[in-house]
Amino acid sequence: MADIKEAVMNKDFREIGHCGGKLRVDVETGDDDSRAYSLGYSHSSAGPAAFFMIYAIPQGIPVATISTPGLGQEMPPPPVPGSFPLIIASDSEGRFGHRCESCGEYWRSSGAPSAWPLTCPYCGLRAPTHAFLTLGQRAYVSEFCELIESAVNAGESATIDMDALADKVGEDTERPRFYYSEVSQQNQFICGACGAWNDVLGRYAYCSSCGTRNDVAELVLAIARIREQVNGGGAPDECVKGAVSAFDTAAKKIADELIRLVPMTTARRNRLKDKRFHDIRARATDINELFGIDVFDGFQQDDIDFTAMMFHRRHIYEHGGGEVDKKYIEESGDISVRPKQTLRETKENVHRLAGLVTKMVRTLHKGFHDIFPAHPTPLKIEAEKQALMKSRQLGYR
C-alpha cells in the first residue's frame, strides 16, 4: 500500500475509505467429499458502492477481468485453469483506484470496464482493468486467494466484514488485512467524449475510459476565464499574455505526446522537442510537415497574420514592458507601430485571439486522435445514452 500511504502524507490529498459490505466465500462439500465454493457480496450502508470481478491464480496474481454475468448466466471460464474469481469493491464514493505498472502513476475513475481496456491518463498505456490494480488492491487479491484456499481446504465458509475492518482504520494499530482505501487527486473532470468521471494529478490527461485527451476542455475553461477577465475591466495586455500562455501549454502537451508516441528520427524529433509556440508560424509548419496536422486549418490569411502578430505581442508584453522594438516589427509584420512605441491593446483583439487559439487547439486535438483514436466502445455507449435521453425529452414535450 506504499502508493496510498505516500499520497496521504500530502495535505492536498484526502484518503477515501472502502465502501464496506460483506464478502462471503460459501463452501459446499458433496457426497463424495468434493468441495466447491461460490462468492457473494452484500452492501447495506447508505453510501454508494460498486464492484468489478477479476480472475487471479492462487499465488495472488491477476490474470483477467471478468465480464460479470447476469441472472441465470454462468461465469466465463478463466484463461488459466484453477484461477479464482474475486470481487473488488469501490471506495465509499463509488469510484475505483488504479495504478499504471508502466509509469507508476495513480488515479481514480468512475468505472472498471470488462468489455474494453482502460487507458492510463498519464502515459496513455491501454490494458485490461486487472492490469491497473493499485498496490492496496493487489495485497487484497493475495489475501483473498489465501482465504479461498483455506476455506476450501477446511470445508468451512468464511466472511470478510469490510464495515468492521473500516471501523478499525484510524486506530493506533496496523491496517487490517483485506482493507484498502483510495486517495482523491487534484483534477476531477468528466470526459466530453464518453461521459466518464476521472480524478487525476495535473491538468492535462487522457480519459481513462475511452482515451480521449482533455486538452480542449482545459483550454476552453482557461479561455472562458480570460474572456470574463477582460469583460470585467481586466487589462487587455494581461489577457493576451494569458490566452497565448494557455494555448502554448495545451499545444505543447499534445506535441509532446506526438513526439513521444510517433516513431521518427532524432533530427525530426528535435524540430519540436522542447520548443515553445511563441513563433506560431514556425511551429505550425513543423507540425504539418511532421504529422500532417494543419494548425491553421480553416483560417483565412488575415487570421494567420493576426495570430502571429498577437503571439509576438505577448513576447513584448512579457519581456519588453509593452514597448515595441525593431525585432517585433520585423517578425510580426505589424507596421502600425514604431520602435519605442508602447502597444495599446484592445478588448476586441483579446476576444478574437481567444477564438483563434481555441480553434487551433481543437485542430491539434482532432489531428492527434486521427493518429491515436479513442476506444470506440465507450463512445458508442455514450452516444446511445445521449440519443435515448434526447428521445425521452422529446417524448415529454
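Engineer: Is there a simple way to think about the pattern of salt bridges in this case?
Structural biologist: Note that side chains of opposite charge can pair when their charged atoms are close. All told, the structure shown has 24 salt bridges when counted by the stated rule. A salt bridge links arginine 24 to aspartate 26, with the shortest nitrogen-to-oxygen separation between them at 3.6 Å. Arginine 283 serves as the salt-bridge partner of aspartate 286, at 3.1 Å between the closest nitrogen and oxygen. Within this pair, aspartate 286 and its partner arginine 283 are both found in helix H7 (residues 280-291), separated by three residues, close to a single helical turn. Neither residue differs from the other here; aspartate 286 and arginine 283 are each classed as buried.

Engineer: Would you mind showing me how to read the packing of helix H5 (residues 236-261) against helix H8 (residues 301-319) here?
Structural biologist: When two helices pack together, their arrangement is given by the angle between the helix axes and by the axis-to-axis distance. Where H5 contacts H8, the two axes come as close as 9 Å, and the packing angle between them is 115°. Two packed elements cross with a definite hand, and for H5 against H8 that hand is left-handed. Facing H5, whose interface residues are Asp237, Val240, Lys241, Val244, Ser245 and Phe247, H8 presents Met310, Phe311, Arg314, Tyr317 and Glu318. Its residues assigned to classes, the contact of H5 with H8 shows six nonpolar, one polar and four charged.

Engineer: Got a minute to help me understand the pairing of strand E7 (residues 96-99) in this structure?
Structural biologist: Across the two faces of E7 the burial is the same, with Phe96 and His98 and Gly97 and Arg99 all buried. Hairpin connection from E7 to strand E8 (residues 106-109): six residues lie between these consecutive antiparallel strands, with glycine 104 at a positive phi of about 80°.

Engineer: Can you walk me through the sheet that holds E7 in this structure?
Structural biologist: In a beta sheet, neighbouring strands are held together by backbone hydrogen bonds and run either parallel or antiparallel to one another. Pairing in this open sheet of four strands is antiparallel, and the strands run E7-E8-E14-E13 from one edge to the other. The open sheet has two free edges, formed respectively by E7 and strand E13 (187-190), since each of these has just one partner strand. Across this sheet, the average inter-strand angle for adjacent strands is 25°, counted without regard to direction. Pairing of E13 with strand E14 (residues 197-200) involves four bridges; the strand directions are antiparallel. What sits directly across from phenylalanine 189, in E14, is asparagine 198.

Engineer: Got a minute to help me understand the sheet that holds strand E3 (residues 35-42) in this structure?
Structural biologist: Across the sheet, which stays open at both edges, the three strands sit in the order E3-E2-E11 with antiparallel pairing between neighbours. Of all the strands in the sheet, the pair left with one neighbour each is E3 and strand E11 (158-161). Taking the axes of each pair of neighbouring strands and ignoring which way they run, one obtains an average angle of 10° across the sheet. Note that strand E2 (residues 22-29) and E3 share eight bridges and pair antiparallel. Residue pairing across strands places valine 25 opposite leucine 39, the latter belonging to E3. Helix H2 (residues 135-154) rests against E2, E3 and E11 of the sheet, and its axis sits at about 30° to E2.

Cut-offs and rules
- Residues numbered from 1 in each chain as written.
- Predicted model: local features only at pLDDT ≥ 70, side-chain atom pairs only at ≥ 80, totals over all residues.
- Heavy atoms only, no water.
- Salt bridge = Lys/Arg side-chain N within 4 Å of Asp/Glu carboxyl O.
- Helix = DSSP H or I, 4+ residues; strand = E, 2+ residues; numbered from the N terminus.
- Buried < 20%, exposed > 50% of the residue type's maximum accessible area, 1.4 Å probe, protein only.
- Axes fitted to C-alpha atoms, helices over the stretch in contact; angles between N-to-C directions.
- Left-handed = near helix turned anticlockwise from the far one by under 90°.
- Contact = heavy atoms within 4.5 Å.
- Nonpolar A, V, L, I, M, F, W, Y, C, P; charged D, E, K, R; others polar.
- Pairing = 2+ DSSP bridges.

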